[in-house]
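# Fold and contact review
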Amino acid sequence: MNAPANHLALAHAARQAEVVAALAKVLPAHALLYHAEDTTPYECDGLTAYRQRPLCVALPETEAQVQAVLKTCHALQAPIVARGAGTGLSGGAMPHERGVTLSLAKFNKVLKLDPVSRTATVQCGVRNLAISEAAAPHGLYYAPDPSSQIACTIGGNVAENSGGVHCLKYGLTVHNVLQVRGFLMDGTPMTAGSLALDAPGLDLLAAVIGSEGMLAVTTEVVVKLVPKPQLARCIMASFGDVRRAGDAVAAVIGAGIIPAGLEMMDKPMTAAVEDFVHAGYDLEAEAILLCESDGTPDEVEEEIGRMVQVLTTSGATKIAVSNSEAERLKFWSGRKNAFPASGRISPDYMCMDSTIPRKRLADMLLAIQALEKKHGLRCANVFHAGDGNLHPLILFDANDKDQLHRCEQFGADILELSVEMGGTVTGEHGVGIEKLNSMCTQFSEAENAQMRGLKAAFDPTGLLNPGKVIPTLNRCAEYGKMVVLGSQGRGLRFEGLERF
């Protein structure tokens, strides 16, 4: 090891010792991890292409311990990255090399379930699906249902404003949360939202939800519960080309129908999931739509009939309607397993996340097919078609640096196209580190400055999840130069990170 590198290593070790010693005063020994073999499992979230070990990992068990960790790190000016289940797909929970990862996995209790007010008060580490399981005896459930709902936590859902296949009718996390409690970076308690119809003073709930751990650390959430529908049925419609499928989505919404779910998958994705779960998908179709209706039996029968008519008029080549709950779940099993199915056909994948106007769905799919040829990589597509939220899965091998580089460029092109089509660079997965460059495309420097100002109002020291979400002026200037020079090497670049 040369002298400069040795000096950096010694400085890093000294800083780690300082932080660990301070945290050991406020946490029990079993709640503090700092050996390399213990912190390695925390080095990334669902975006596995980029990894970084933190100085240490704190696993508090009480709110008092969370507050003490924050106060300690604030005094030491040590960055904090809050972490839930680590299922995020944009690198939002990737550690800071000179900071502390604050794992909230032990906050996993449903504190109160009120079937009369239709609310549940839960700790941030409660799994999304566990809320619905707890509410089921009362005929209620929690509506937002990300594909990772069996593992993802409500705290992470709040951080990313997660959605799911039923978000078209029932809304995103922000539409289903009443109140968030937690702490600011200096340990000050904070509450956003209210259990009443309106919050006193400025309503900051929507600012906290989707803030990706940059404004506060969430410890407790009050969510809305909704009655479980009497009946739900799903249509599976096949289309001979993606243009007709995309137009059919717009036609359904244009007919004044708001399905409980409206999802789209292209041919490569249906092939991957059919081989995995055997959901009965039409492997000859260029695209399939899953359209669900829920409500009373009469409401469902009427809405299913209207949707079948619209889909037939739009050029569907085959239409199947579920006749039992088991068959409905079978139709959805493929969509819910799109990500693991993709993992079976490729060493790695990068799941993009952007939103475009519904009328441009076919344009985007055709553009992605052209980008596959441009970058020499395959891409399988699943869409929350009803609200235009795209999830292209770019397939690559992370052990091949050139493939990783081309994957980054592929993803950047998709995000730029989304903005050009009138959309956004993220729908529900967040910006994290993955889309920092694309934020320079989406927003002007004045707009990014306003977002930095909002962060500073909550976190003046900038210690909560630093280096994420909001690009610096220098980053946008550098990115702009590279675009002008032909987008060579335009992918993600992070100092101090290990590419895996």
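The shown structure was predicted, so the numbers you read here are calculated from the model rather than taken from an experiment. (Residues numbered from 1 in each chain as written. Predicted model: local features only at pLDDT ≥ 70, side-chain atom pairs only at ≥ 80, totals over all residues. Heavy atoms only, no water.)

A separate point is the side chain of threonine 270. Structurally, threonine 270 is set in helix α9 (residues 267-277). Once residues within four sequence positions are removed from consideration, threonine 270 is found in contact with Met265, Tyr281, Asp282, Leu283 and Ile288. (Helix = DSSP H or I, 4+ residues; strand = E, 2+ residues; numbered from the N terminus. Contact = heavy atoms within 4.5 Å.)

Counted under the stated rule, the structure contains 1 disulfide. Sulfur-sulfur distance for the disulfide between cysteine 440 and cysteine 476 comes to 2.2 Å. Residues cysteine 440 and cysteine 476 share a disulfide whose torsion about the S-S bond is about -85°; that sign makes it left-handed. Taken together, the residues span a long stretch of sequence, with cysteine 440 in helix α15 (residues 436-442) and cysteine 476 in helix α17 (residues 473-484) at a distance of 36 residues. (Disulfide = S-S within 2.5 Å.)

All right, on to the pattern of salt bridges then. Overall, the coordinates contain 24 salt bridges when judged by the stated rule. Residue aspartate 363 pairs with arginine 243 through a salt bridge whose shortest N-O separation is 2.8 Å. You can see aspartate 363 sitting in helix α13 (residues 361-375) and its partner arginine 243 sitting in helix α8 (residues 242-254), a full 120 residues away along the chain. Between aspartate 413 and lysine 374 there is a salt bridge, and its shortest N-O distance comes to 3.0 Å. Of this pair, aspartate 413 sits in helix α14 (residues 401-420) while lysine 374 sits in helix α13; the two residues are 39 residues apart in sequence, bridging distant segments of the chain. Its relative accessible area of 8% is what places aspartate 413 among the buried residues. In the salt-bridge network here, residues are joined through shared partners; they are Glu63, Arg181 and Glu220. (Salt bridge = Lys/Arg side-chain N within 4 Å of Asp/Glu carboxyl O. Buried < 20%, exposed > 50% of the residue type's maximum accessible area, 1.4 Å probe, protein only.)

Taken in spatial order, the 4 strands of this open sheet run β1-β3-β5-β4, and their pairing is mixed. With one partner strand each, in any of the chains shown, β1 (32-33) and β4 (80-83) form the two edges of the open sheet. Here β4 pairs with strand β5 (residues 100-103) via 4 bridges, running parallel. Counterpart to arginine 83 in the pairing with β5 is serine 103. Along the sheet face, helix α1 (residues 3-23) touches β1, β3 (56-58) and β5 and points at about 20° away from the line of β3. (Pairing = 2+ DSSP bridges. Axes fitted to C-alpha atoms, helices over the stretch in contact; angles between N-to-C directions.)

Strand-to-strand pairing in sheets goes through backbone hydrogen bonds, with the strands running parallel or antiparallel. The sheet built from 5 strands is open, its strands ordered β6-β7-β11-β9-β10 with antiparallel pairing. Since the sheet does not close on itself, it has two edges, and those belong to β6 (110-114) and β10 (189-193), each with one partner. Ignoring which end each strand starts from, the neighbouring axes of this sheet average 10° apart. Of the strand pairs in this sheet, strand β9 (residues 177-183) and strand β11 (residues 217-224) are connected by 6 bridges, and their pairing is antiparallel. Residue pairing across strands places glycine 182 opposite threonine 218, the latter belonging to β11.

Turning next to the environment of glutamate 299. Among the structural elements, glutamate 299 can be located in helix α10 (residues 297-313). Given the relative accessible area of 47%, glutamate 299 is considered partly exposed.

Here is the key point about a regular strand: its side chains alternate between the two faces of the sheet. For β11, the buried fraction is high: 7 of the 8 residues fall into the buried class. Where strand β7 (residues 119-123) meets β11, 5 bridges bridge the pair, whose relative direction is antiparallel. Paired with valine 122 across the strands is valine 221, a residue of β11.

A separate point is the pairing of strand β13 (residues 231-239). Counting buried residues along β13, 7 of its 9 residues qualify, which places the element largely inside the surrounding structure. Relative to strand β15 (residues 287-295), β13 runs antiparallel, the two sharing 9 bridges. Within the sheet, the bridge partner assigned to leucine 231 lies in β15 and is glycine 295.

Next up on the list: the side chain of asparagine 161. The topology assignment puts asparagine 161 in the loop between α5 (154-160) and α6 (167-170). Of note is the side chain of asparagine 161, whose polar atom sits 2.9 Å from the backbone nitrogen of valine 174. Here asparagine 161 is in contact with Leu172, Thr173, Val174, Ile209, Gly210 and Glu428, once residues within four sequence places are set aside. (Polar contact = N/O pair within 3.5 Å; in protein donor to acceptor, adjacent residues only side chain to side chain.)

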